[in-house]
Structures are given as structure tokens and as C-alpha cells.
Amino acid sequence: MKKKKIVMIVIAVIILVSVVACIIINSQYTNMPAVIGKSSSEATQSLEREGIKYTIEYDYNDDYKKDVVFGQSIDSGKRIEKKTEATLQISKGKKVVVPDIVGESKDEMMDTLTDIKYKLIEEYNDKYKKGVVYDTSPAAGEILSDDQELTIYISKGKLIKVPDITGMVKENALKKLRKSGIEVGTVSLKDVTDKKSDIVLSYTPSSVEEGGKVDIEVSRECIDIPDLRYYSLEEA
């Protein structure tokens, strides 16, 4: 009877040791979670909960949005030791190369950039005609990230400084303006007594776009007639 009791105790101890050993062994292993399609924060939290170490690699991917996991080095569901290190591949978004659109018109540029977000900035430029793209940021050939906006600079044409025509005879002033690529807009007359007729008194604006117009004010000579109401005929 005593011998049988000892045998039962030994068996119980063996079972207990086996259970503890299984618990210890199992605590060192886990199943690799499925993280493809999850955000980087969700994926790393899943691995950390399982006690799995990880490294991250970033790359462009046309099928997954920026900051979403598109690859994992260990298949989901696989039984692994917790000390095993998994590699997560996280998307940087679509790889978009900025096209060379410098020299294109606004309409041509819009046809080219069908899948790219952009904003337009119009500025004067001496080298490019009005409505033509003269620069981009980032430049052509550079990579545009998935959430990055392309800045496009469009020429408003050449800004011309109006030559000083004050004091010139009207006909000569008009020739000088047209030679500079400037048209004349409104010509107004101002009565003066100290200048001859057709002398340019002022002009506006001081700068115009190529083909723009300038308004000028021209003198009209007047004779200053004295007030003779209080003079006799002989005195007048």
C-alpha cells in the first residue's frame, strides 16, 4: 500500500513538472499575427502584445496607402519564438516621378497631371510667354510623395516698365510706347495756360504686362482771358 502511494506521488510530480515545462515552453512561443493592410501603429502594437521584436523597412507601393503595412517577413499564423525578429514593410505611398512640364501651356499641363495634386502660382517672367509653365517644385525627375502637392509656376508674361514720356509731344510719346510693346489706352485732355497743346502731362500705370495699355493725360493750350467787366471800352 505504501509502495503504491509513492508511485502515485511520483506520477503526480512528473505530470506537474510536465505541465510546468509545457507552460514555460509555450510562453516562449507565439503565433505571428496578420498585419498586412494595417497601419504601422496598429501593426507594431499587435507585435508588441505578442512579445515579437521587429524592424521596419519603408518603400513605395502603388497598391497600399502611405503608412500601411504591405509585407511581413514571417507568414501570419506561424508558430515562432518570441525572440524571433520580424520585418515589416511599410508603404511610402505611390512612387510618382514629377514629369517635365516646363514650357507647356496651362491646358497641356492639366492633361499631363491627371493623378497628381497641384497648386498654381502665377508670376511675371521675362523668358516665358503668358500662360506657360516655367518651373515646378519639386523639379522634374524628383519623387513626389503620396500626400505631397506639386507647386507649378505659370508665367504672367513679361512685366514692362513704362518709359518716361512726361513732357514729350504726344505723337513722339506714342511711338516710344509702341516701340516698347505698350499700347495707348485712354487719352484725356487737360486745359493749361503754361504749355502748348499735345504735351504729355502724366501717364499711368508705371509698369504693364506685354501688350498692356497706358493711359495718358495731354495738354490743351488755353488763352487766359482777363475779366474786362469793370473796364471801359477804351481801357479794355
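Up top is the structure these notes are about.
Residues numbered from 1 in each chain as written. Predicted model: local features only at pLDDT ≥ 70, side-chain atom pairs only at ≥ 80, totals over all residues. Heavy atoms only, no water.

### Some points on helix H4 (residues 170-179)
And step 1. Of all the residues in H4, the buried ones are Ala-173, Leu-174 and Leu-177. Down the axis, H4 shows its buried residues gathered within 100° of arc, on one side only. In H4, the exposed residues that point more than 90 degrees away from the buried face are Lys-175 and Lys-179. (Buried < 20%, exposed > 50% of the residue type's maximum accessible area, 1.4 Å probe, protein only. Helix = DSSP H or I, 4+ residues; strand = E, 2+ residues; numbered from the N terminus. Arc of directions from axis to C-beta.)

### Topic: the sheet that holds strand E12 (residues 183-192)
And step 1. Across the sheet, three strands lie side by side as E12-E15-E13; this open sheet has mixed pairing. At either margin of the open sheet sits one strand with a lone partner, and together these are E12 and strand E13 (200-204). Strand-to-strand twist across the sheet, computed as the mean angle between neighbouring axes with direction ignored, equals 20°.
And step 2. Of the strand pairs in this sheet, E13 and strand E15 (residues 213-221) are connected by four bridges, and their pairing is antiparallel. Residue pairing across strands places Ser-202 opposite Glu-217, the latter belonging to E15. (Pairing = 2+ DSSP bridges. Axes fitted to C-alpha atoms, helices over the stretch in contact; angles between N-to-C directions.)

### Things to note about the packing of aromatic side chains
And step 1. Evaluation of the coordinates by the stated rule reveals three aromatic pairs.
And step 2. Aromatic side chains Tyr-64 and Phe-70 sit 6.4 Å apart centroid to centroid with 35° between the ring planes, which places their arrangement in the tilted category.
And step 3. According to the relative accessible area criterion, Phe-70 is buried, its value standing at 18%.
And step 4. Grouping aromatic residues by their ring pairs yields a cluster made of Tyr-128, Tyr-134 and Tyr-153. (Phe/Tyr/Trp six-rings, centres within 6.5 Å; stacked < 30°, edge-to-face > 60°.)

### Quick word on unusual backbone geometry
And step 1. Across the junction of Ser-137 and Pro-138, the peptide omega takes the value 0°, indicating a cis bond.
And step 2. Cis geometry marks the peptide bond from Thr-204 to Pro-205; its omega dihedral reads 0°.
And step 3. With a phi close to 75°, Asp-67 is a non-glycine residue in the positive phi region.
And step 4. Its location among the elements puts Asp-67 in the loop between strand E2 (53-59) and strand E3 (69-72).
And step 5. Its identity as a non-glycine residue notwithstanding, Asp-198 has a phi of 65°, on the positive side.

### Side note on the nonpolar core
And step 1. Ranked by internal contacts, the top residues of the largest apolar core, which has 13 residues, are Val-162, Ile-165, Leu-177, Ile-182, Val-214 and Ile-216.
And step 2. For this core, the secondary-structure elements that each account for two or more residues are H4 and E15.
And step 3. Discounting chain neighbours no more than four positions away, the residues touching Ile-182 are Ile-160, Val-162, Pro-163, Leu-177, Val-208, Gly-212 and Val-214.
And step 4. In this structure, Met-32, Val-69, Ile-74 and Ala-86 belong to the second largest nonpolar core, which totals eleven residues. (Core = buried A, V, L, I, M, F, W, Y, C linked by side-chain atoms within 4.5 Å. Contact = heavy atoms within 4.5 Å.)

### Some words on the environment of Glu-85
And step 1. For Glu-85, the position within the fold is in strand E5 (residues 85-91).
And step 2. Expressed as a C-alpha distance, the spacing of Glu-85 and Ile-52, which sit 33 residues apart in the sequence, is 6.5 Å.
And step 3. Discounting chain neighbours no more than four positions away, the residues touching Glu-85 are Lys-53, Tyr-54, Thr-55, Ser-73 and Ile-74.

### Quick look at the environment of Lys-83
And step 1. Structurally, Lys-83 can be placed in the loop between strand E4 (79-81) and E5.
And step 2. Looking at Lys-83, the relative accessible area reads 62%, which means it is exposed.
And step 3. As for Lys-83 and Ile-52, which are separated by 31 residues in sequence, their C-alpha atoms are 6.5 Å apart.

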